[in-house]
Amino acid sequence: MTNPSNALPEGASSFARIQAGMAKRRAAERRFKMLGRLAVSVGLLFLSVLLISIVSKGYTAFWQTQMRIDVVLAAEDIDPEGTRNAETLRKADYSSLIKQSMRDMFPEVSGRRDKFALYGLVSNGAAFDLRDKVMADPSLIGTKVSLWVPADDDVDMLMKGHIDRDAAEGDRRIKDNTLGWIDQLKAEDRLELRFNIDFFTKGDSRDPELAGIRGALMGTIFTLIVTLSLSFPLGVAAAVYLEEFAPKNRWTDLIEVNINNLAAVPSIVFGLLGLAVFINVFGLPRSAPLLGGLVLTLMTLPTIIIASRAALKSVPPSIRDAALGIGASPMQATLFHVIPLALPGMLTGTIIGMAQALGETAPLLMIGMVAFIADVPQGVFDPSTALPVQIYLWADSPERAYVERTSAAIMVLLGFLALMNLVAVLLRKRFERRW
Amino acid sequence: MSPQGQAMAFKFDGAAGSAHTTTVGRDVRETVGEVRVNDPRIRCTDINVHYGEKHAIKNISLDVGKGEVLAMIGPSGCGKSTFLRCLNRMNDTVRECRVTGEILLDGEDINGRHIDVVPLRARVAMVFQKPNPFPKSIYENVAFGPRIHGLCDSKADLDVIVESSLRKANLWEEVKDRLDDVGTGLSGGQQQRLCIARAIAIEPEVILMDEPCSALDPISTAKVEQLIEELRQQFSIVIVTHSMQQAARVSQRTAYFHMGDLIEVSETDRLFIKPRHQLTEDYITGRFG
Ligand SMILES: Nc1ncnc2c1ncn2[C@@H]1O[C@H](COP(=O)(O)OP(=O)(O)OP(=O)(O)O)[C@@H](O)[C@H]1O
Ligand SMILES: [Mg+2]
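Residues numbered from 1 in each chain as written. Chains lettered and ligands numbered in written order. Predicted model: local features only at pLDDT ≥ 70, side-chain atom pairs only at ≥ 80, totals over all residues. Heavy atoms only, no water.

## Quick notes on the overall build of chain A
The test is simple: Strands are runs of DSSP state E lasting at least two residues, helices are runs of H or I lasting at least four, and both sets are numbered from the N terminus onward. Only the C-alpha atoms count toward the radius of gyration. The rule for a globule is 2.2 Å times the residue count to the power 0.38. Each residue is assigned to one of three classes by its accessible area relative to the maximum for its type, calculated with a 1.4 Å probe on protein chains only: buried under 20%, partly exposed between the two thresholds, exposed over 50%. In what follows, residue pairs with any heavy atoms lying within 4.5 Å of each other are defined as contacts. Values of accessible area rely on a 1.4 Å probe in the Shrake-Rupley scheme; residue burial ignores everything except the protein chains shown. By the counting scheme adopted, Arg and Lys are positive, Glu and Asp are negative, and His together with the chain ends is not counted. To locate a charge, take atom NZ for lysine, CZ for arginine, CG for aspartate or CD for glutamate.
If you tally the helices and strands in chain A, you get 19 helices and 3 strands. For 435 residues, the compact-globule formula gives about 22 Å, and the C-alpha radius of gyration of chain A, at 32 Å, lies well above that figure. Overall, chain A is about 105 × 60 × 35 Å in size when its C-alpha atoms are taken along their principal axes. The buried share among the 435 residues of chain A stands at 43%. Counting only contacts in chain A whose residues sit at least 6 apart along the sequence, the fraction spanning at least 24 positions is 77%. Looking at chain A as shown, the accessible area adds up to about 23000 Å², and 62% of this sits on carbon and sulfur atoms. In chain A, which carries 45 positive and 44 negative side-chain charges, the distance between the mean positions of the two groups comes to 12 Å.

## Topic: the sheet that holds strand S1 (residues 63-72) of chain A
Residues and elements named next belong to chain A. Which entries qualify depends on this criterion: The rule for pairing is simple: two strands pair if DSSP sees at least two bridges between them. Fitting a line to C-alpha atoms yields each axis, with helices limited to the stretch in contact; the angle taken between N-to-C directions then spans 0 to 180 degrees.
Spatial ordering of the open sheet is given by S2-S1-S3, a layout of 3 strands whose pairing is antiparallel. Since the sheet does not close on itself, it has two edges, and those belong to strand S2 (144-150) and strand S3 (191-195), each with one partner. Looking at each pair of strands side by side, their axes are set apart by 40° on average, direction ignored. Across 5 bridges, S1 lies against S3 in antiparallel orientation. Within S3, the residue paired with threonine 65 across the bridge is leucine 193.

## A word on the sheet that holds strand S10 (residues 253-258) of chain B
All names here are of chain B. Strands sit in the order S1-S11-S10-S4-S9-S8-S7 across an open sheet of 7 strands; the sheet is mixed. Each edge of the open sheet is held by one strand with a lone partner, namely strand S1 (32-33) and strand S7 (124-127). Pairing geometry for strand S4 (residues 69-73) and strand S9 (residues 236-240), over 4 bridges, is parallel. Residue pairing in the sheet places methionine 72 in a bridge with valine 240 of S9.

## Some thoughts on unusual backbone geometry
Residues and elements named next belong to chain B. Positive phi, close to 50°, is recorded for glutamate 203, a residue that is not glycine. Relative to the elements of secondary structure, glutamate 203 occurs in the loop between helix H7 (188-200) and strand S8 (206-210). In the Ramachandran plot, methionine 259 falls in the positive-phi region, its phi being about 50° despite a non-glycine side chain. Looking at the secondary structure, you find methionine 259 in the loop between S10 and strand S11 (261-267). Methionine 259 sits in the partly exposed class, given a relative accessible area of 25%.

## Section: the packing of helix H11 (residues 214-245) of chain A against helix H18 (residues 387-395) of chain A
Residues and elements named next belong to chain A. Here is the rule we go by: Lys, Arg, Asp and Glu make up the charged group, whereas Ala, Val, Leu, Ile, Met, Phe, Trp, Tyr, Cys and Pro make up the nonpolar group; the residues left over, Gly among them, are polar.
At a minimum axis distance of 8 Å, the contact between H11 and H18 shows a crossing angle of 150°. Listed contacts from H18 to Ala216, Leu217 and Thr220 of H11 are Leu387, Pro388 and Gln390. Here the contact of H11 with H18 is built from residues that sort into 4 nonpolar, 2 polar and no charged.

## Examining the site of ligand 1
All names here are of chain B. For clarity, the threshold we go by: By convention in this text, a residue qualifies as near a molecule or strand provided that one of its non-hydrogen atoms is within 4 Å of it. Here a polar contact is taken to be a pair of N or O atoms separated by no more than 3.5 Å, where protein atoms must pair a possible hydrogen donor with a possible acceptor and residues adjacent in sequence count only if both atoms sit in side chains.
Close to ligand 1 lie 15 residues, the nearest being Ser76, Lys80, Ser81, Thr82 and His242. The separation between an oxygen atom of ligand 1 and a polar side-chain atom of lysine 54 is 3.3 Å. In the model, an oxygen atom of ligand 1 is placed 2.4 Å from a nitrogen or oxygen of the serine 76 side chain. Taking 630 Å² as the accessible area of ligand 1 by itself, protein coverage stands at 77%. Among the secondary structure elements, those contributing two or more residues to the shell around ligand 1 are strand S3 (54-65) and helix H2 (80-86). When residues of the shell around ligand 1 are assigned to their parent elements, the largest contribution, 3 residues, is made by H2. Residues of the shell around ligand 1, tallied by class, amount to 4 nonpolar, 6 polar and 5 charged.

## Digging into the domain arrangement of chain A
Applied cut-off: Where each domain starts and ends follows an automatic or database-derived domain assignment.
Split by domain assignment, chain A resolves into domain 1 (4-59), domain 2 (62-202) and domain 3 (214-431). Using C-alpha coordinates to define each centre, domain 1 of chain A is positioned 63 Å away from domain 2 of chain A.

## Topic: the packing of helix H2 (residues 14-58) of chain A against helix H19 (residues 401-431) of chain A
All names here are of chain A. Put simply, the rule reads: By definition in this entry, angles of less than 35 degrees are roughly parallel, angles greater than 145 are roughly antiparallel, angles of 65 to 115 are roughly perpendicular, and the rest are oblique. A crossing counts as left-handed when the near helix is turned anticlockwise from the far one by less than a right angle, and as right-handed when that turn is clockwise.
Orientation of H2 relative to H19, taken along the N-to-C sense of each, is 125°, at an axis distance of 7 Å. With respect to H19, the element H2 is oriented oblique. Handedness of the crossing formed by H2 with H19: left-handed. Here Leu51, Ile54, Val55, Lys57 and Gly58 of H2 lie close against H19, whose contacting residues are Glu404, Ser407, Ala408, Ile410, Met411 and Leu414. A class-by-class count of the residues in the contact of H2 with H19 yields 7 nonpolar, 2 polar and 2 charged.

## Side note on the pattern of salt bridges
Inclusion rule: Every case where a carboxyl oxygen of Asp or Glu lies within 4 Å of a side-chain nitrogen of Lys or Arg is listed as a salt bridge.
Enumeration over the complete set of coordinates arrives at 41 salt bridges over all chains. In this structure, arginine 165 of chain A and aspartate 183 of chain A form a salt bridge, with 2.7 Å as the shortest nitrogen-oxygen distance. Taken together, the residues arginine 165 of chain A in the loop between helix H8 (153-159) and helix H9 (176-187) and aspartate 183 of chain A in helix H9 connect sequence positions 18 residues apart. The class of arginine 165 of chain A is partly exposed, set by a relative accessible area of 34%. A relative accessible area of 30% means that aspartate 183 of chain A is categorised as partly exposed. Between aspartate 92 of chain B and arginine 89 of chain B there is a salt bridge, with its nearest N and O atoms 3.1 Å apart. Residue classification places aspartate 92 of chain B among the partly exposed residues on the basis of a relative accessible area of 42%. Under the relative-accessibility criterion, arginine 89 of chain B is labelled buried at 16%.

## So, a positive patch on the surface
Rule in force here: Surface patches are defined over residues having more than 30% relative accessible area and no salt bridge, joining like charges when they lie within 9 Å and nonpolar side chains (Val, Leu, Ile, Met, Phe, Trp, Tyr) when within 5 Å.
A surface patch of positive charge is lined by Arg26, Arg30, Arg31, Lys33 and Arg37 of chain A. Here arginine 37 of chain A shows up in helix H2.

## Regarding the packing of aromatic side chains
We apply this condition: Pairing of aromatic rings covers Phe, Tyr and the six-membered ring of Trp, with a centre-to-centre limit of 6.5 Å; geometry is then stacked below 30 degrees between planes, edge-to-face above 60, and tilted otherwise.
Summed over the entire model, instances satisfying the criterion amount to 13 aromatic pairs over all chains. Here phenylalanine 83 of chain B and phenylalanine 257 of chain B contribute two aromatic rings whose centre-to-centre distance is 5.6 Å and whose plane-to-plane angle is 45°, an arrangement assigned as tilted. You can see phenylalanine 83 of chain B sitting in helix H2 and its partner phenylalanine 257 of chain B sitting in strand S10, a full 174 residues away along the chain. Pairwise contacts between aromatic rings join Phe62, Trp63, Phe195, Phe199, Phe200, Trp394 and Tyr402 of chain A into one cluster.

## Brief notes about helix H5 (residues 94-105) of chain A
Residues and elements named next belong to chain A. Using the following cut-off: Expected helix span is computed as 1.5 Å times (number of residues minus one). Arc definition: it is the arc formed by the directions from the helix axis to the C-beta atoms.
Over its 12 residues, H5 extends 17 Å from the first C-alpha to the last, a length consistent with the 16 Å expected when each residue adds 1.5 Å. Among all positions of H5, only Tyr94, Leu97, Ile98, Ser101, Met102 and Met105 are buried. For H5, the buried positions fall inside an angular range of 140° around the axis, keeping them on one side. Looking at the packing, one finds that the buried side of H5 touches S1, helix H3 (75-78), helix H4 (86-91), helix H6 (112-119), helix H7 (125-136) and H9.

Pasting the structure below:
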């Protein structure tokens with residue numbers, strides 16, 4: 001507060017002066033509020049533009065064009081000896097059965113090139129679907145079945161309106177004769193947009209219509225489990241030691257400076273470190289979530305330590321005094337009173353670190369999590385990739401159908417992030433206390 | 001409460017003392033009065049405390065008797081809290097603080113090398129100026145001490161300790177129906193009595209109180225004072241206060257501190273009626289500063 005006596009003109013009461021100044025103060029207040037609202041609205045605007053563009057591009061990926069085909073499951077083609085042996089059933093040539101059914105639908109098609117185009121209407125995955133169906137129920141052999149299989153991605157794109165039918169034939173991925181077949185199939189109700197379950201249950205694929213997010217999602221989940229279970233206890237323990245127990249001397253100062261520096265190191269450097277140390281020295285399996293988790297642990301540790309120390313610092317010293325003053329040991333005071341109060345802050349730091357780890361691509365590229373992996377990983381040792389890397393890979397693929405999948409994968413990533421944050425908020429609510 | 005005492009409590013440390021440096025020398029001063037008692041619980045000899053370069057306590061010797069309430073008064077920043085915190089080594093937690101001298105608790109030097117501060121603080125418990133209950137339930141606040149020191153074998157034991165401590169602290173009637181409510185939700189006066197209950201639950205030999213009533217209304221203050229009177233039967237109590245009336249009401253002996261020196265220690269009645277040192281007289285008559 002400034003000294004009022006010298007600013008006061010002769011005779012004016014201080015109340016009058018306060019009144020005179022009020023208009024100005026209110027205006028300043030209003031300006032400040034406006035500025036804040038403006039900032040928030042601009043932020044919200046950009047966020048909604050981003051979300052709208054992602055969702056509008058990506059939501060179509062959750063539907064996929066399916067084609068109904070009628071396949072004759074002749075016993076002599078599948079199981080000529082009639083053993084119904086699983087191995088025989090697995091090895092049977094289902095794709096030729098599907099080709100046969102396509103020929104049956106369009107008997108007029110002849111010539112190598114046209115036939116090839118005709119077979120291309122159905123996805124390569126159809127043969128696997130058929131195989132699974134037969135193996136699940138061998139009694140189907142000898143009958144004619146009608147089943148829905150994924151259509152090729154070009155058909156899918158046409159159905160979704162991403163291919164312009166009015167363009168010159170040479171500029172189109174779908175030629176005129178193929179267009180005619182597709183129209184005929186549509187007229188026969190053999191083409192339909194259906195919910196794309198495969199997107200959530202399958203791993204990556206070279207065929208966009210078969211590519212799913214499951215592999216990357218599981219890879220991310222395994223990686224984050226490793227990261228969380230290492231970086232949270234390590235980070236909190238380090239923070240508690242440094243803040244509550246460590247002597248304050250040159251060594252602890254040095255450690256503190258280095259932790260702050262590490263938090264600012266570009267993440268790709270941690271990837272290089274992981275490559276050099278975890279793969280080359282310790283011989284851990286390349287591309288595995290375990291490795292990714294270790295590298296991301298290194299990356300998130302400084303964040304968690306710094307946030308946890310800040311949380312510990314903000315616990316009022318009077319709480320420590322209270323415990324020590326009746327004879328609690330420093331460990332008891334910390335464990336029973338300080339850490340519970342600091343926990344919400346620690347959780348906030350952890351969730352920031354985990355969100356960082358979730359979105360990280362660069363270090364994972366260095367340790368081989370960028371490889372094409374079609375199988376869904378079953379554990380932390382299986383080769384896998386991660387959501388952001390999958391997004392990067394799909395965004396890099398030339399086929400038109402990957403565009404919507406890229407956006408859909410981003411939606412999955414954001415959904416996962418929101419879920420993580422929700423859990424953190426709930427946990428924090430549980431631990432939050434007044435004092 | 002004297003207007004001076006009231007005002008000083010809100011000044012920053014050290015600000016009040018500076019006016020006197022010119023009239024009184026900087027040398028260590030002899031203490032006037034009865035420093036020693038016959039049957040001491042605590043005997044301090046030649047205590048010096050430094051905060052870095054700052055000499056906060058200058059060569060003080062003082063006894064705390066058994067079953068006695070010793071009041072410590074003096075202007076803000078004179079070192080009362082610092083001296084009090086020496087008695088259970090709470091100054092250990094202050095990094096740049098150095099304590100020298102001998103403090104005997106029942107004849108044993110608490111600054112000795114082999115002394116463990118944890119059991120020491122269980123014997124010399126502290127109640128702070130600002131009520132600082134744990135942000136846990138009222139029950140947990142009181143139960144914490146007995147539990148960590150292993151003073152109870154069963155939940156029933158603990159219940160008994162909690163109840164009797166709260167009763168002694170004059171709080172039982174007010175909280176007996178809401179022991180599970182959070183301790184920080186109580187009023188300031190109730191919180192302070194909760195902190196006292198927490199301290200007496202571990203049955204210490206000495207209770208150190210740093211301005212326990214500074215945030216309390218007259219009714220709560222009266223309750224705490226009554227409590228101190230009752231506790232004296234069982235514990236020795238050292239109390240820092242800015243209210244000379246309070247010192248006069250609750251204590252048997254009073255020590256007057258001034259800028260890190262212990263100026264005078266006397267029977268409380270005598271100190272307030274017939275102070276022997278000029279500085280003491282200035283302070284209690286309100287001429288200080
Ligand atoms: N942690 C510290 N670091 C440095 N100096 C300190 C510290 N604590 C206290 N001091 C100094 O030591 C002197 C005595 O402080 P102390 O807190 O003991 O005063 P006090 O008599 O309790 O005052 P008050 O009545 O205001 O509580 C003061 O000059 C203060 O500035
Ligand atoms: Mg004090």
